[in-house]
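# A look at the structure
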Amino acid sequence: MCDGKYNRMVSRGFDFLLQVSYFLSRHGWQLIAGYNMASEEKKAQYDLDRLYVANGIGMLVLGAFILLSLLFSDHWSLMGNILFVATSLLTIVGIIIINGTWCVKK
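What counts, and at which threshold
- Residues numbered from 1 in each chain as written.
- Predicted model: local features only at pLDDT ≥ 70, side-chain atom pairs only at ≥ 80, totals over all residues.
- Heavy atoms only, no water.
- Helix = DSSP H or I, 4+ residues; strand = E, 2+ residues; numbered from the N terminus.
- Buried < 20%, exposed > 50% of the residue type's maximum accessible area, 1.4 Å probe, protein only.
- Contact = heavy atoms within 4.5 Å.
- Areas by Shrake-Rupley, 256 points an atom, 1.4 Å probe, with all protein chains shown as cover.
- Core = buried A, V, L, I, M, F, W, Y, C linked by side-chain atoms within 4.5 Å.

## What about the overall build of the protein chain?
If you tally the helices and strands in the protein chain, you get four helices and zero strands. When the 106 residues of the protein chain are sorted by exposure, 25% land in the buried category. In the protein chain, 72% of the contacts between residues at least 6 apart in sequence involve partners at least 24 apart. Roughly 7,100 Å² of accessible area belongs to the protein chain as shown, and the carbon and sulfur atoms make up 68% of that amount.

Structure follows, in structure tokens:
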């Protein structure tokens, strides 16, 4: 159980949880893809506090998925792996949709 794959998964899970602390402490705007390179006019269209919350919660969910997958990794079948990948992708798509809808200033 303590092989290289296990150690990489643990470090990735904790990386996502570290990103949660950046976002929820209002210091992670550099980590938001697209926002960090946008022009000032484009940045003015988004509510930065909502971006922090949306991305922080999304990273929390992804980090939890990765760390929880370690509990079941020895017993997973192909279907379990497909379910893990599908839920992770749905979470990422959800973050993208929320960033484009809920986080836009009205």
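## Section: unusual backbone geometry
Positive phi, normally seen in glycine, also occurs at R26, with a value near 65°. If you trace the backbone, R26 turns up in the loop between α1 (4–24) and α2 (40–43). Here R26 falls in the partly exposed class, since its relative accessible area comes to 38%.

## Focus: the nonpolar core
V20, F23, I32, Y35, L51, Y52, A54, M59, L62, I95 and C103 together form the largest nonpolar core, which totals 11 residues. Elements with a minimum of two residues in this core: α1 and α3 (48–72). Sort the elements by how many residues they give to this core and α3 lands first, with five residues. Not counting residues within four places of it along the chain, the set of residues in contact with C103 comprises Q45, Y46, D47, R50, L51, A54 and I98.

Purely geometric numbers; function is a separate question.
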